[in-house]
Amino acid sequence: MIRNDLRNIAIIAHVDHGKTTIVDGLFKFSGSFRDNQQVEECLMDSNDLERERGITITSKNGSFRYKDYTINIIDTPGHADFGGQVERVLKMADGALLLVDAQEGPMPQTYFVLKKALALALPIIVVINKIDKPAARPHWAVDQVFDLFVKLDAPDELLDFPVVYASGRDGYAIDNLEDPHRDLTPLCEHIIKRIPPPSGSPDGPLQVLVSTIDYSPYLGRLGIGKITSGQLNINKEIAVVMRDGSMKPARVTKVFRFEVNQKVPCDHAICGDIVAISGMDDVTVGCTYTDPENPIPLPPTEIDPPTISMNFIPNDSPFSGREGTFVTSRHLAERLAREIMSDVALQVEPLGEGMGFKVSGRGELHLSILIEKMRREGYEFQVTRPQVIFHEENGVKMEPYEELTIDVDETCMGAVMEKLGIRKGRIQTMDTANGMAKLTYLIPTRGLLGYRSEFLTDTKGLGVMNYIFHDYEPYAGEIRFRTRGAMVSMCTCTTVGYALFNLQERGKLFVGPGIDVYEGQVVGEHCREGDLLVNPAKAKKLTNMRASGSDEAIILTPPVTMSLEENIAYIDDDELVEVTPKSIRIRKIRIHK
């Protein structure tokens, strides 16, 4: 049976190419909202971190009506560190919209997501988005996309892909650049004509591959997936085949369809529908809901291995327990166990009795988002410097390499190339045009740790860098990261302006006056190699004598404030980042007096 009234599509693109914005436009165009209804921007970016950072972190499901059709739409993350979600959710789609920025063209993550879509032989509609930009070059972008298809050995039938030009912000799509700008009808028509309807037998045995996990405080864990065979009813007895092949009985307690960005309960769903199912707390990504009398499990999604690991350990600093609600190793274990149930790209291993956990993920951003979520939930803990995961093949030590793409002004190109050379980067291509340079490098993942802040400084904040996992190659040798030492507090105290005034000549300060610090806490960066023990509470000796000119005013340079990612990138192997709901501090593991 073919569901002609239904289409399931995924939106894939590089980060910040406008996926979530065009989804908003489709919802509004379909009449999903009242004319006087207040609708937030980036409706599918539902959590605080996504709204703050302007990126999609977790994939979302939604749907809208167009004429007599229901179009289920899956909004996917655009950053390489969350690529594990793209791999999973494409299993729910029957086709994909590939969004490409009309000015930037295909970027590294475009390559990654397109490769995953082509591996599943999904039909693809190319949407050249943001054609309203002053520097847009849509014809050039189409040529670049075609070259990318060829580079990925796309089959001949997919090389003749349809192209739609659009502006998600202004809510219009056109087939030709000369056409008038009206609405998103051309895009919707292409979806109906070019994306095949889902197929499957409603009378066959039940098959639902769980591609995403959601959580409800009332119903517990919800498994989200597409029904590829059979049908679902409330209170239906089913079997759940786990990733390891074991089978557990379960009962469907609720079934939800997706309307706009909301889950709506329903009594019945058939093959082709994308649904959320409650009824089993142990379900995880890659499980199959199936018929207990005729179980036919689907193969679980293959997930690329993690490349970066960090140690999450309980906080044992002098200020431990002051600000956090969940502070013990047991609390960490419970929270990380919940996280790996929904994020299969994450791996957790215990370090030892009460010592903490080794957490491995796809990149620095992947792990730092988890840390930020945990601290906002009241967790207090410490993390070590990120470490690359090495492999050994035929007795040769192998490490992960990234393909790094950089766009910079030609005047900054020399400084960037010098730094990347120190970090063992190998230049692949270099193109210059209109005063801008585009550089492509192969660089060890280790070489990128902590590089983003240096890059922004060298390019005066105007450079753009993107990277994507390339392959494992032989170990590149030692890379030296930090050339300057730290200023370390020698006592537990409250900082004093007079002491900081004298210390700021020795380097950059991380704290201002009136801040509680403890022995071993890093309060600044030394201007030379080697650590410096300092007393940030040293006050001026008071006497009855006063002299004109000797009591000069204390002028303090504002302290350097670093984000969580910058702190993690900054620390050395002998340092920790202490993370609490209210503070982020750097400390030494041991103080060498």
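It should be noted that the structure appears before, not after, this text.
Residues numbered from 1 in each chain as written. Predicted model: local features only at pLDDT ≥ 70, side-chain atom pairs only at ≥ 80, totals over all residues. Heavy atoms only, no water.

S.K.: Is there a simple way to explain the overall build of the protein chain in this structure?
M.R.: The helix and strand inventory of the protein chain stands at 14 helices and 35 strands. Computed over its C-alpha atoms, the radius of gyration of the protein chain comes to 27 Å, within 12% of the 25 Å expected for a compact globule of 593 residues. Seen through its principal axes, the protein chain has C-alpha atoms that stretch 95 × 65 × 60 Å. Within the protein chain, buried positions represent 52% of all 593 residues. Sequence-distant contacts in the protein chain: of pairs separated by 6 or more residues, those separated by 24 or more amount to 72%. For the protein chain, the exposed area adds up to about 27,300 Å²; of that, 50% sits on carbon and sulfur atoms. Of the side-chain charges in the protein chain, 66 are positive and 84 negative, and the distance between the mean point of each set is 5 Å. (Helix = DSSP H or I, 4+ residues; strand = E, 2+ residues; numbered from the N terminus. Rg over C-alpha atoms; globule rule 2.2 N^0.38 Å. Buried < 20%, exposed > 50% of the residue type's maximum accessible area, 1.4 Å probe, protein only. Contact = heavy atoms within 4.5 Å. Areas by Shrake-Rupley, 256 points an atom, 1.4 Å probe, with all protein chains shown as cover. Lys, Arg positive; Asp, Glu negative; His and termini not counted. Charge placed at Lys NZ, Arg CZ, Asp CG, Glu CD.)

S.K.: In this structure, what is going on with the nonpolar core? I would like to understand it.
M.R.: In summary, soluble globular proteins display a tendency toward joint burial of nonpolar side chains. Leu 98, Ile 124, Val 126, Ile 128 and Phe 149 are the most contacted members of the largest nonpolar core, which totals 42 residues. Excluding its chain neighbours within four sequence positions, the residues that come into contact with Ile 128 are Val 100, Ala 102, Pro 138, Ala 141, Val 142, Val 163, Val 164, Tyr 165 and Ala 166. By size, the runner-up hydrophobic cluster in this structure holds 28 residues, among which are Met 310, Phe 381, Val 388 and Phe 510. (Core = buried A, V, L, I, M, F, W, Y, C linked by side-chain atoms within 4.5 Å.)

S.K.: Looking at this structure, how should I read the pairing of strand β16 (residues 274–278)?
M.R.: Two faces, one strand: in a regular strand the side chains alternate between the faces of the sheet. Burial runs high along β16: five of the five residues are buried. Where burial is concerned, the two faces of β16 agree: the one with Ile 274, Ala 276 and Ser 278 and the one with Val 275 and Ile 277 are both buried. When strand β9 (residues 220–229) meets β16, the two strands line up antiparallel, connected through five bridges. Its bridge partner being in β16, Leu 222 is matched across the sheet by Ser 278. Note that strand β13 (residues 254–259) and β16 share three bridges and pair antiparallel. Within β16, the residue paired with Val 255 across the bridge is Ile 277. (Pairing = 2+ DSSP bridges.)

S.K.: What is the right way to read the pattern of salt bridges from this model?
M.R.: Oppositely charged side chains are able to pair whenever their charged atoms sit close together. Here the structure, examined in full by the defined rule, presents 30 salt bridges. We note a salt bridge from Lys 133 to Asp 101, for which the minimum N-O separation is 3.0 Å. Residue Lys 133 is located in the loop between β5 (124–129) and α5 (138–151), and its partner Asp 101 is located in strand β4 (residues 95–101); the two are separated by 32 residues in the primary sequence. What makes Asp 101 buried here is its relative accessible area of 1%. The closest approach of N and O atoms between Glu 339 and Lys 373, which form a salt bridge, is 3.1 Å. Residue Glu 339 is located in helix α8 (residues 329–342), and its partner Lys 373 is located in helix α9 (residues 364–376); the two are separated by 34 residues in the primary sequence. Residue Glu 339 is classed as buried on the basis of its relative accessible area, which comes to 8%. Where salt bridges share partners, they join Arg 335, Glu 339, Lys 373 and Glu 377 into one cluster. (Salt bridge = Lys/Arg side-chain N within 4 Å of Asp/Glu carboxyl O.)

S.K.: For this particular structure, what's the right way to read α9?
M.R.: Quick reminder: α-helices carry 3.6 residues per turn. Residues three or four places apart thus point the same way. An ideal rise of 1.5 Å per residue puts 18 Å on 13 residues; α9 measures up with 18 Å between its terminal C-alpha atoms. By the burial criterion, the buried members of α9 are Leu 365, His 366, Leu 367, Ser 368, Ile 369, Leu 370, Ile 371, Glu 372, Met 374 and Arg 375. Positive phi shows up at Gly 378, right after α9, with a value of about 100°. (Expected span 1.5 Å × (residues − 1).)

S.K.: Teacher, can you tell me more about the sheet that holds strand β8 (residues 207–216) here?
M.R.: Hydrogen bonds between backbone groups are what pair the strands of a sheet, and the pairing can be parallel or antiparallel. Here we have eight strands laid out as an open sheet, ordered β12-β11-β17-β8-β9-β16-β13-β14, and antiparallel in their pairing. Either end of the sheet is taken by a strand with one partner, and the two such strands are β12 (247–251) and β14 (262–266). On average, adjacent strands in this sheet sit at an angle of 40° to one another, irrespective of strand direction. Judged from the three bridges that link them, β8 and strand β17 (residues 288–290) form a sheet pairing that is antiparallel. Paired with Leu 209 across the bridge in β17 is Thr 288. (Axes fitted to C-alpha atoms, helices over the stretch in contact; angles between N-to-C directions.)

S.K.: How do you make sense of helix α10 (residues 413–422) when you look at a structure like this?
M.R.: If you check which residues of α10 are buried, you get Met 413, Val 416 and Leu 420. The buried residues of α10 occupy an angular sector of 65° when the element is viewed end-on, so they sit on one face. Where the residues of α10 are buried, they touch β24 (396–409), β25 (426–433), β26 (436–444) and α12 (451–458). Remark: Lys 424 follows α10 within two positions and exhibits a positive phi of approximately 70°. (Arc of directions from axis to C-beta.)

S.K.: What should I look at first to understand the packing of helix α4 (residues 108–119) against α5 in this one?
M.R.: A pair of packed helices is characterised by two quantities: the angle between their axes and the separation of those axes. In the contact formed by α4 and α5, the axes pass within 11 Å of each other and the chain directions differ by 55°. In terms of orientation, α4 and α5 fall into the oblique class. Judged by the twist between their axes, the crossing of α4 over α5 is right-handed. Between α4 and α5, the residues in contact are Thr 110, Tyr 111, Leu 114 and Leu 118 and Leu 148, Phe 149 and Lys 151, respectively. Here the contact of α4 with α5 is composed, by residue class, of five nonpolar, one polar and one charged. (Parallel < 35°, antiparallel > 145°, perpendicular 65-115°, else oblique. Left-handed = near helix turned anticlockwise from the far one by under 90°. Nonpolar A, V, L, I, M, F, W, Y, C, P; charged D, E, K, R; others polar.)

S.K.: Would you explain the sheet that holds strand β3 (residues 69–75) in this entry?
M.R.: If you walk across this open sheet you meet the seven strands as β2-β3-β1-β4-β5-β6-β7, and the pairing is mixed. Strands at the two margins of the open sheet, each flanked by one partner only, are β2 (60–66) and β7 (172–174). Averaged over neighbouring strand pairs, the angle between their axes works out to 30° when direction is ignored. Judged from the six bridges that link them, strand β1 (residues 6–13) and β3 form a sheet pairing that is parallel. Considered in β3, the bridge of Ile 11 is made with Asp 75.

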